[in-house]
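Take a look at the letters that make up each chain.
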Amino acid sequence: MMVTVRVATHRDLPSILAIYNQGIEDRVATLEQDLKDMDYITNWFNEHTNRYPVFVAEYQNNIIGWADLHPYSHRCAYGGVAELSVYVHRGWRAKGVGQALLSALEAFARKHDFHKLVLATFPFNSAGLALYRKMGFREVGVFMNHGRLDGKWVDVLWMEKLLELKVE
Ligand SMILES: CC(C)(COP(=O)(O)OP(=O)(O)OC[C@H]1O[C@@H](n2cnc3c(N)ncnc32)[C@H](O)[C@@H]1OP(=O)(O)O)[C@@H](O)C(=O)NCCC(=O)NCCS
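Counting of residues starts from 1 at the beginning of each chain's written sequence and follows it residue by residue. With pLDDT at 70 or above as the cut-off, local features in this predicted model cover only qualifying residues; side-chain atom pairs require 80 or more to be listed or tallied, and sums for whole chains, interfaces and linings still use all residues. As a convention, hydrogens and water are excluded, and side-chain values are obtained from all of the structure's heavy atoms.

Asks: Mind laying out the pattern of salt bridges, listing which residues take part and the relevant values?
Replies: Salt bridges are defined as contacts in which a side-chain nitrogen from Lys or Arg sits within 4 Å of a carboxyl oxygen from Asp or Glu. Applying the stated criterion across every chain yields a total of twelve salt bridges. A salt bridge links Arg-6 to Asp-12; its shortest N-O distance comes to 2.9 Å. With relative accessibility at 5%, the residue Asp-12 sits in the buried group. In this structure, Glu-25 engages Arg-90 in a salt bridge whose closest nitrogen and oxygen atoms are separated by 2.8 Å. Of this pair, Glu-25 sits in helix α1 (residues 13-26) while Arg-90 sits in the loop between β4 (81-88) and α3 (97-111); the two residues are 65 residues apart in sequence, bridging distant segments of the chain. Classification of Glu-25 by relative accessible area gives partly exposed; the value is 44%. Summary of the burial criterion: residues with accessible area below 20% of their type's maximum are buried, those above 50% are exposed, and those between are partly exposed, where the area comes from a 1.4 Å probe applied to protein chains only. For Arg-90, a relative accessible area of 39% corresponds to the partly exposed category. It is possible to trace a salt-bridge network through shared partners that takes in Glu-25, Asp-26, Arg-90 and Arg-93. Helix and strand assignments follow DSSP, with helices taken as H or I runs no shorter than four residues and strands as E runs no shorter than two, numbered in order from the N terminus.

The following block contains the structure:
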């Protein structure tokens, strides 16, 4: 299987949107509940600049997954910390696509002066947890009753991966 990972363009947005909406419907990936439209995803895409890319995974001209880096915080002191998201098309999960996307994000982050990647996930997202643990992320801690999903409280687990140890 020849999956390529490359930087996304505007032409990829309909596929990125469809994959994101699958993640919203599945209720394991995000606190978002309402499906998004092209305006939303275009604004989201346009917020990515310089050090904060969107990558897509492609197989035979089909987009089968995407991942991005976005700022963890707008405070300068956290400029070396990027937060990531990753979504794989339903029909392509558990085939190594998430790993390929995270590897590309990590290589990019190392080249662009990030020393840490972080992410927030649900403790019950077993596929996400398996992927992140495999990629060397550690569990920082769980915020209990942190968000609302379908009228119920959900816990949110933060994970991190140090790309380099800053010793001073
Ligand atoms: C979470 C997600 C991105 C993982 O990507 P993926 O392409 O399915 O994962 P990979 O195939 O690269 O798998 C990575 C590792 O996790 C394991 N894994 C994948 N899915 C799993 C599952 N459902 N249960 C247990 N382990 C799983 C794989 O076995 C693999 O380990 P291995 O190589 O030792 O076998 C994908 O399932 C997805 O898009 N889910 C819905 C959206 C989502 O939850 N996004 C994350 C939000 S925090």
